[in-house]
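Coordinate analysis (summary)
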Amino acid sequence: MLSQSYAKNMGLYGERTGALSVIVSDNSIVDRVLVQLKQVIRPMYSSPPAHGARIAATILNNPVLFDKWNGELKLMSGRILEMRTALKLALQKLQTPGNWDFLEKQIGMFSYTGLTGPEVDFIQEKYHIYMMRNGRISMAGLTTSTVDYLAGAMHDAVLNAPKGHL
């Protein structure tokens, strides 16, 4: 089984657009597998939304649109990687205690900063930067004009926030 969501990579949030692929070794059980899948899906929704699925199908089945979408994915993922590196380098430049290499090793639109709950609270109160209390931030929301501000806030929090993991 392979499950795919197009919510993030096609910007189809709220459309419940995705795919579930099942590979079977014997074609004689395909109908039975389909019946089981329908029984699981049926209680979740009566009629699945078609709008997002039509958008995804149009992009995936049109070579020109697919190539454009693929290029945009590469551009965006490259920008996120650049922001990860920029944040790590800014923290190192400030000589923020700790090893920040993990920022570049994580993947995706979000990152765990390693900040504690009290450090997150400190940053929110002093710098008005908002993130999950476990330190999870949106790397996609970071820009070249905000990375130094975030790094400075993180540096200040690591040095001056109350200690603890509350």
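Everything below is about the structure printed above this text.
Residues numbered from 1 in each chain as written. Predicted model: local features only at pLDDT ≥ 70, side-chain atom pairs only at ≥ 80, totals over all residues. Heavy atoms only, no water.

Focus: the overall build of the protein chain
Let me state the cut-off plainly: Counting from the N terminus, the helices are the DSSP runs of H or I reaching at least four residues and the strands are the DSSP runs of E reaching at least two. Here the globule rule is a power law, 2.2 Å times the number of residues to the power 0.38, and the radius of gyration is based on C-alpha atoms. Note on exposure labels: buried denotes an accessible area under 20% of the residue type's maximum, exposed denotes more than 50%, and partly exposed covers the range between, all computed with a 1.4 Å probe on protein chains only. By definition, residues are in contact when any of their heavy atoms lie within 4.5 Å. Accessible surface area values rest on a Shrake-Rupley calculation with a 1.4 Å probe, where residue burial reflects the displayed protein chains alone. Neither His nor the chain ends is counted toward charge; the positive residues are Lys and Arg and the negative residues Asp and Glu. One atom stands in for each charge, and that atom is NZ of Lys, CZ of Arg, CG of Asp or CD of Glu.
Broken down by element type, the protein chain carries six helices and four strands. Starting at the N terminus and ending at the C terminus, the protein chain contains elements arranged as β-β-α-α-α-α-β-α-β-α. By the compact-globule yardstick of 15 Å for 166 residues, the protein chain is too spread out, its C-alpha radius of gyration being 21 Å. Viewed in the frame of its principal axes, the protein chain has a C-alpha envelope of about 65 × 40 × 30 Å. Taken over 166 residues, the protein chain has a buried fraction of 28%. Taking all contacts inside the protein chain whose residues are at least 6 apart in sequence as the whole, residues at least 24 apart take part in 59%. Surface summary for the protein chain: the accessible area is close to 11100 Å², and the carbon and sulfur share equals 59%. Distance between charge centroids for the protein chain: 5 Å, based on 17 positive and 13 negative side chains.

Describing the pattern of salt bridges
This is how it is decided: For this analysis, a salt bridge means a side-chain nitrogen from Lys or Arg found within 4 Å of a carboxyl oxygen belonging to Asp or Glu.
On inspection of all chains with the given rule, the structure shows four salt bridges. A salt bridge links Lys 88 to Glu 104; its shortest N-O distance comes to 2.8 Å. Remark: Glu 104 occurs in helix 4 (residues 102–105) and Lys 88 occurs in helix 3 (residues 63–93); sequence separation between them is 16 residues. Among the residues examined, Glu 104 registers a relative accessible area of 31% and is labelled partly exposed.

Topic: the packing of helix 3 against helix 6 (residues 147–160)
We count it as follows: Whenever a helix is involved, its axis is fitted only over the stretch in contact; in every case the axis is a line through C-alpha atoms, and angles between N-to-C directions fall within 0 to 180 degrees. Here the word oblique covers every angle except those under 35 degrees (roughly parallel), over 145 (roughly antiparallel) and from 65 to 115 (roughly perpendicular). Note: crossing handedness is left-handed where the near helix turns anticlockwise from the far helix by less than a right angle, and right-handed where it turns clockwise. For this classification, Asp, Glu, Lys and Arg are treated as charged, while Ala, Val, Leu, Ile, Met, Phe, Trp, Tyr, Cys and Pro are nonpolar and the rest, including Gly, are polar.
The contact between helix 3 and helix 6 brings their axes to 9 Å, and the two run at 45 degrees. The angle between helix 3 and helix 6 falls in the class oblique. The handedness of the crossing between helix 3 and helix 6 is right-handed. Across the interface between the two elements, Met 83, Ala 86, Leu 87, Ala 90 and Leu 91 from helix 3 touch Val 147, Asp 148, Leu 150, Ala 151, Met 154 and His 155 from helix 6. Classifying every residue of the contact of helix 3 with helix 6 gives nine nonpolar, one polar and one charged.

Considerations on the packing of aromatic side chains
Worth spelling out the cut-off: Note on aromatic pairs: the rings of Phe, Tyr and Trp (six-membered ring only in Trp) are paired at centre separations within 6.5 Å, and the planes decide the class, stacked below 30 degrees, edge-to-face beyond 60, tilted for the rest.
Considering all chains together, one arrives at three aromatic pairs under this definition. Taken together, a centroid distance of 5.8 Å and an interplanar angle of 40 degrees make the contact between Trp 100 and Phe 102 tilted. Residue classification places Trp 100 among the buried residues on the basis of a relative accessible area of 7%. Classification of Phe 102 by relative accessible area gives partly exposed; the value is 27%. Measuring from ring centre to ring centre gives 5.7 Å for Tyr 127 and Tyr 149, while their planes differ by 75 degrees; the resulting arrangement is edge-to-face. One end of the pair, Tyr 127, is in helix 5 (residues 117–127); the other, Tyr 149, is in helix 6, and 22 residues separate them in sequence. For Tyr 127, a relative accessible area of 17% gives the class buried.

Quick look at the nonpolar core
Note that soluble globular proteins tend to have their nonpolar side chains buried in a common cluster. Quick reminder of the rule: Residues enter a nonpolar core if they are buried and are Ala, Val, Leu, Ile, Met, Phe, Trp, Tyr or Cys, with the set joined through side-chain atoms within 4.5 Å.
Within the largest apolar cluster, 26 residues are counted, with the highest numbers of intra-cluster contacts made by Leu 87, Ile 123, Met 131, Leu 150 and Met 154. Breaking this core down by element, the ones donating at least two residues are helix 3, helix 5 and helix 6. A total of seven residues in this core trace back to one element, the largest contributor, which is helix 6.

Observations concerning the environment of Leu 94
Looking at where Leu 94 falls in the secondary structure, it is placed in the loop between helix 3 and helix 4. For Leu 94, a relative accessible area of 38% gives the class partly exposed. Each C-alpha atom, one on Leu 94 and one on Gly 52, is 45 Å from the other, the two residues being 42 residues apart in sequence. For Leu 94, the contacting residues outside a window of four places in its chain are Ala 151, Gly 152 and His 155.

Geometric values such as these leave the question of function open.
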